Amino acid sequence: MKVIIRDTMEESSVWAARYIAKKINEKAAKTNEPFVIGLCTGSTPIETYKELIRLVKAGEVSFKNVISFNMDEYVHLPVNHPESYHSFMHKYLFDHIDEPAENIHILDGNAPDLKKECEEYEKKIAAAGGFDLFLGGIGEDGHIAFNEPFSSLNSRTRVMTLTYDTRVVNSRFFDNDVNKVPKQAMSVGVATVTGAKEVVILAFGPKKAKAIAASIEGPVSGYCTLSVLQLHPAATIVCDDLAVGELKYNSVKYFKAVEAAEAE
């Protein structure tokens, strides 16, 4: 596991965006096969998406041969609802880049058969060749996507019941009214994420510090689902200084030293 630490959220976000662009360009230079990416929502990736948009408009990267799969969507929230993840992704990324509409995949929370929708989603990911890179965030309790504490580390895309705490955190997008937050969501599983060739996780601010410490220095467990990245061969966590506030001093020193050595 690598941990990239920058002073601010903005610096961290720019690093992540440029890293993603680099990976897209590297594959494009080698093959005509599409770059398959997993994408997340919420406030955490907004600055990363902003930098990706800038890079696309500057001609430094193209999404014309990129296939994307979003990690989750609320159940029974209208697609055109301002807080649906369909709306979020178009507002903050898809409406501003050159990714073809047919390459964009987001779970349908209003599908007549939600179980079948989840199963078909996994099949589409496999048919695309699997993820080259999965971009995600981390919940305050260490969850990835909507894989709440005690989720199976072997889980796949499925319908999840959201904990009250998660709904409270997300209520800031719903007029701070927890009763407006859907009680269920469809989410890729932990194994769906870790099946990616590479995983990049964003974590910013002091509220994520305990979860980051548990994920990096704690045991691998279903209680903190992001901790499974300790077993992944190519996992990178991108943090600002506030998000690593609970890590041991020597851990922070180690990760900074590794990055410096690799830059030489």
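Each value, and the rule that gives it
Residues numbered from 1 in each chain as written. Predicted model: local features only at pLDDT ≥ 70, side-chain atom pairs only at ≥ 80, totals over all residues. Heavy atoms only, no water. Axes fitted to C-alpha atoms, helices over the stretch in contact; angles between N-to-C directions. Helix = DSSP H or I, 4+ residues; strand = E, 2+ residues; numbered from the N terminus. Parallel < 35°, antiparallel > 145°, perpendicular 65-115°, else oblique. Contact = heavy atoms within 4.5 Å. Nonpolar A, V, L, I, M, F, W, Y, C, P; charged D, E, K, R; others polar. Salt bridge = Lys/Arg side-chain N within 4 Å of Asp/Glu carboxyl O. Buried < 20%, exposed > 50% of the residue type's maximum accessible area, 1.4 Å probe, protein only. Pairing = 2+ DSSP bridges.

**Student:** Mind showing me how you'd approach the packing of helix 2 (residues 46-57) against helix 3 (residues 85-92) here?
**Tutor:** Packed helices, taken two at a time, are described by the angle between their axes plus the distance between the axes. With their axes 10 Å apart at the nearest point, helix 2 and helix 3 run at an angle of 45° to one another. Accordingly, the angle class assigned to the pair helix 2 and helix 3 is oblique. For the pair helix 2 and helix 3, contact is made by Ile46, Tyr49 and Ile53 and by Phe88, Met89 and Tyr92, respectively. Taken together, the residues of the contact of helix 2 with helix 3 break down into six nonpolar, no polar and no charged.

**Student:** Explain the pattern of salt bridges to me, please; I cannot follow it from the model alone.
**Tutor:** Once their charged atoms are close, side chains differing in charge can pair, the charge on each being opposite to the other. As enumerated under the stated definition, the model contains 14 salt bridges in all. Among the salt bridges present, the one from lysine 23 reaches glutamate 26, with a minimum N-O distance of 3.9 Å. Residue lysine 23 and its partner glutamate 26 are both found in helix 1 (residues 9-30); the two are separated by three residues, about one turn of the helix. Residue lysine 23 is classed as partly exposed on the basis of its relative accessible area of 22%. For arginine 156, the salt bridge goes to glutamate 122, with nearest N and O atoms at 3.6 Å. Placement of the pair is arginine 156 in the loop between strand 6 (133-136) and strand 7 (158-161) and glutamate 122 in helix 4 (residues 114-127), with a sequence separation of 34 residues. For glutamate 122, a relative accessible area of 17% gives the class buried. The network of salt bridges with common partners includes Arg18, Glu51 and Arg54.

**Student:** What should I look at first to understand the sheet that holds strand 1 (residues 2-6) in this one?
**Tutor:** Hydrogen bonding along the main chain pairs the strands of a sheet, whether they run parallel or antiparallel. Pairing in this open sheet of seven strands is parallel, and the strands run 1-10-9-6-2-3-5 from one edge to the other. Only two strands of the sheet have a single neighbouring strand rather than two, namely strand 1 and strand 5 (104-105). Strand direction decides the pairing type here: strand 2 (residues 35-39) and strand 6, joined by two bridges, are parallel. Within strand 6, the position partnered with isoleucine 37 by the bridge is leucine 133.

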